[in-house]
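# Reading the structure
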Amino acid sequence: SSDVCSSDLWAAGGRVGLRVGGGVEAGFSLAGFYDRAEQLDSQLTGVDAQWSQGSFAAKGEYIRHVPEETNGAADNTRGLYAQGTWDAGRYFAVVRYGDLRSGAGDRQRLSTGLGWRLLETCQVRLEYQADTAADETLISQLVVEF
């Protein structure tokens, strides 16, 4: 079984996106992970879409990881997420659902959050997460972008 985070690997890939109009964009992504002998070790493929209208935005993605030497469906990992965001200037709210399926088990998470933009590059966030693999969690963050 491959390890995508292995230090023996290097990756190459990219994304192609298409703006359809009406605030809609769709994309396809592909990445290959290679070993030191430059042989393909595993591959990620994904499709995504996003839409925005006024202060509301929605986006989602489906992604799949497949090792080159597959011993069965349990070796494949696939996941998806869907997210909606409402933006009210300095304040915003977000709802996100994620679903991960792998040989190690399945996991779903629903999170809701509120945020306040202190500056253009600095936010305070409060997020509640309910996860099938863990207890409920309340997270507060100070996020600084640079």
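Further up the page is the structure itself.
Residues numbered from 1 in each chain as written. Predicted model: local features only at pLDDT ≥ 70, side-chain atom pairs only at ≥ 80, totals over all residues. Heavy atoms only, no water.

This paragraph deals with the side chain of Glu25. Inspection of the secondary structure assignment puts Glu25 in strand S2 (residues 24-34). In terms of polar contacts, Glu25 uses its side chain to reach the side chain of Arg15, at 3.1 Å. Leave out the neighbours within four places in its chain, and Glu25 touches Arg15, Leu18, Arg19, Asp48, Ala49 and Gln50. (Helix = DSSP H or I, 4+ residues; strand = E, 2+ residues; numbered from the N terminus. Polar contact = N/O pair within 3.5 Å; in protein donor to acceptor, adjacent residues only side chain to side chain. Contact = heavy atoms within 4.5 Å.)

Next up on the list: the environment of Leu138. The topology assignment puts Leu138 in strand S9 (residues 137-144). The spatial distance from the C-alpha of Leu138 to the C-alpha of Thr112 is 9.8 Å, given a sequence separation of 26 residues. Residues contacting Leu138, with those up to four places away along its chain left out, are Leu126, Glu127 and Tyr128.

In the structure shown here, the tally under the stated rule is eight salt bridges. Put simply, Glu25 and Arg15 hold a salt bridge, and the shortest N to O gap is 3.1 Å. Taken together, the residues span a long stretch of sequence, with Glu25 in strand S2 and Arg15 in strand S1 (residues 10-21) at a distance of 10 residues. The residue Arg117 makes a salt bridge to Asp87 at a minimum N-O spacing of 3.2 Å. Taken together, the residues Arg117 in strand S7 (residues 105-119) and Asp87 in strand S5 (residues 77-88) connect sequence positions 30 residues apart. On the basis of relative accessible area, Arg117 is assigned to the partly exposed category, the value being 23%. We classify Asp87 as partly exposed; its relative accessible area is 32%. Connected through salt bridges with shared partners, the residues Arg15, Arg19, Glu25 and Asp48 form a single ionic network. (Salt bridge = Lys/Arg side-chain N within 4 Å of Asp/Glu carboxyl O. Buried < 20%, exposed > 50% of the residue type's maximum accessible area, 1.4 Å probe, protein only.)

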